[in-house]
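Chain and residue survey
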Amino acid sequence: WEACVHSNEAKAEGRAELIPSIKLRHCCLLRNQRCLTAYLYDRLLRMRALRWEYGSVLPANVRFHMCAEEVQWFSQYKKSLASFMRSLGGGEGLDLTQDMKPPKSLYIEVRCLKDHGEFEIDDGTVILLKKNSQHFLPRWKCEQLIRQGVLEHVVS
Amino acid sequence: MDTQSYLPVEPGVGMEENFLSLDDILLSHERLPIRTECRFPRLGYLERSTDAQDIPEGTKMELPLWLSKGLYEKKRRVLSVELPKVYREGWRTVFNADPNVVDLHKMGPYYYGLGSQMLHFDSPENPEIAQTLLQTFVGRFRRNMDSSQNAYNEDTSALVERLDCLEKALFASGQSGLNGFQSWEKGRASQLTASSLVLNYRKRKMADGPP
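On a predicted model such as this, the values are computed, not experimentally measured, just so you know. (Residues numbered from 1 in each chain as written. Chains lettered and ligands numbered in written order. Predicted model: local features only at pLDDT ≥ 70, side-chain atom pairs only at ≥ 80, totals over all residues. Heavy atoms only, no water.)

Things to note about the confidence of the model for chain A
When pLDDT is averaged across chain A, the result is 89; 96% of the residues are at 70 or more. When the elements of chain A are averaged for pLDDT, helix α1 (residues 2-12) of chain A gives the smallest value, 70, and helix α4 (residues 68-87) of chain A the largest, 96. (pLDDT = per-residue confidence, 0-100. Helix = DSSP H or I, 4+ residues; strand = E, 2+ residues; numbered from the N terminus.)

Description of the interface of chain A and chain B
Put simply, an interface is often sized by how much accessible area is lost when its parts join up. Every contact between the two is made by 41 residues of chain A and, on the other side, 46 residues of chain B. Roughly 4,100 Å² is buried in total at the junction of chain A and chain B, and carbon and sulfur atoms are behind 64% of that figure. Ranking the residues of chain A by area buried against chain B places A:R31, A:R34 and A:K101 at the top, with a combined share of 18%. The tally of links from chain A across to chain B stands at two salt bridges. Our count for the contact surface shared by chain A and chain B stands at 15 residue pairs in polar contact (both at pLDDT 80 or more). The biggest single contributor to the side of chain A that touches chain B is helix α2 (residues 19-53) of chain A, with 20 residues. Residues of the side of chain A that touches chain B, tallied by class, amount to 19 nonpolar, seven polar and 15 charged. (Contact = heavy atoms within 4.5 Å. Buried area = accessible area lost by both parts, 1.4 Å probe. Salt bridge = Lys/Arg side-chain N within 4 Å of Asp/Glu carboxyl O. Polar contact = N/O pair within 3.5 Å; in protein donor to acceptor, adjacent residues only side chain to side chain. Nonpolar A, V, L, I, M, F, W, Y, C, P; charged D, E, K, R; others polar.)

Focus: helix α4 (residues 111-118) of chain B
Counting buried residues along α4(B), seven of its eight residues qualify, which places the element largely inside the surrounding structure. The set of residues buried in α4(B) consists of B:Y111, B:Y112, B:L114, B:G115, B:S116, B:Q117 and B:M118. (Buried < 20%, exposed > 50% of the residue type's maximum accessible area, 1.4 Å probe, protein only.)

As for a nonpolar patch on the surface
Residues and elements named next belong to chain A. The grouping of L106, Y107, F136 and W140 at the surface amounts to a nonpolar patch, some 480 Å² of accessible area in total. As for its position among the elements, Y107 is in strand β1 (residues 107-112). Classification of Y107 by relative accessible area gives partly exposed; the value is 40%. (Patch = residues over 30% accessible without salt bridge, like charges linked within 9 Å, V, L, I, M, F, W, Y side chains within 5 Å. Areas by Shrake-Rupley, 256 points an atom, 1.4 Å probe, with all protein chains shown as cover.)

Considerations on the pattern of salt bridges
Applying the stated criterion across every chain yields a total of 16 salt bridges over all chains. A salt bridge links A:E70 to A:R43, with the nearest nitrogen and oxygen atoms 2.7 Å apart. Taken together, the residues span a long stretch of sequence, with A:E70 in helix α4 and A:R43 in helix α2 at a distance of 27 residues. Judged by its relative accessible area of 24%, A:R43 falls in the partly exposed class. Here B:R140 and B:E167 are joined by a salt bridge, their closest N and O atoms 2.8 Å apart. Of the two residues, B:R140 sits in helix α5 (residues 126-150) while B:E167 sits in helix α7 (residues 165-185), which places them 27 residues apart along the sequence.

Quick word on α5(B)
All names here are of chain B. Helix length check: α5, at 25 residues, gives a terminal C-alpha distance of 36 Å against a target of 36 Å (1.5 Å per residue), a fit within 8%. At F141, α5 shows its largest kink, close to 40°. For α5, the full list of buried residues reads N126, I129, T132, L133, T136, R140, N144, S147 and S148. Looking at the buried positions of α5, the neighbouring elements they touch are α3 (89-97), α4, α6 (157-160) and α7. (Expected span 1.5 Å × (residues − 1). Bend = angle between axes of the 7 residues up to and from the residue.)

As structure tokens, this is what we get:
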């Protein structure tokens, strides 16, 4: 549209020979716009993937690199996803981010890959997640920590 | 198989580009030999070989695909695009004879992609170019598919180095399927794993952010 405006001005002033140059400049502007848009869009796709693979609270170093609009986008995406998940299962809700692989057992053996501090499980007991310690824990409590690389699923 | 949450925009199919596809953006960066069919006033600085203020008509230069596509008009009043060597008759005969011997990575890493885009420029050889692209792909596909489905747990660089980008993507997809199947056979499909995205972020040293 901008190119049309410039071209019309060029024609009006009898300087139609400038039109090819105007077109070239316009192509360059469109190219820059395409590159920027694709870059920003790819960032959004990666943030969206992190919601599924990491969790609803992003690690500090990733958040640090997000601009304000992206933070806002992420929080709105979280909200949409949460309300969608709540609406499933006849109003009971279903956490789609759990059980990404079909579960084989209620409890699993995990090894701690790094110090993560204290971890409370449903019956109130507190486990100390110290590097290299192994525990036998309910699967649903561990899933997110495994995805985040804190625990390792040990299969015999 | 690792469930894929990051789904980047794929490249377009055939003559179409996907606006948001990073692969298509890289593809359209490839340079083409062109000849200007009109004068470009005040843009002389783009054409380094002369000190002229304008680009005169009839200049031969190299422009990236995105610019060539943007400026091209059917009546050829603005520029005309020459076919790069790989798509001309000489090379086409080679491809038609035996597509498997050619190093498509060296022939411009985007052989199929750029070839499909060349069809926008109304060359009289378009039908032959299109036919050669298709036959080359068909000729090479069998070997690529076999190798991607049978190379398990080994160094595939020798297999992959002569493939163009489209073939590399297909190869990677085949490998991913093979690895997924093998891990299922070994009973490791139910093992929960750390997300590959997370591991990649960890590996990078964030020099300018909090740890």
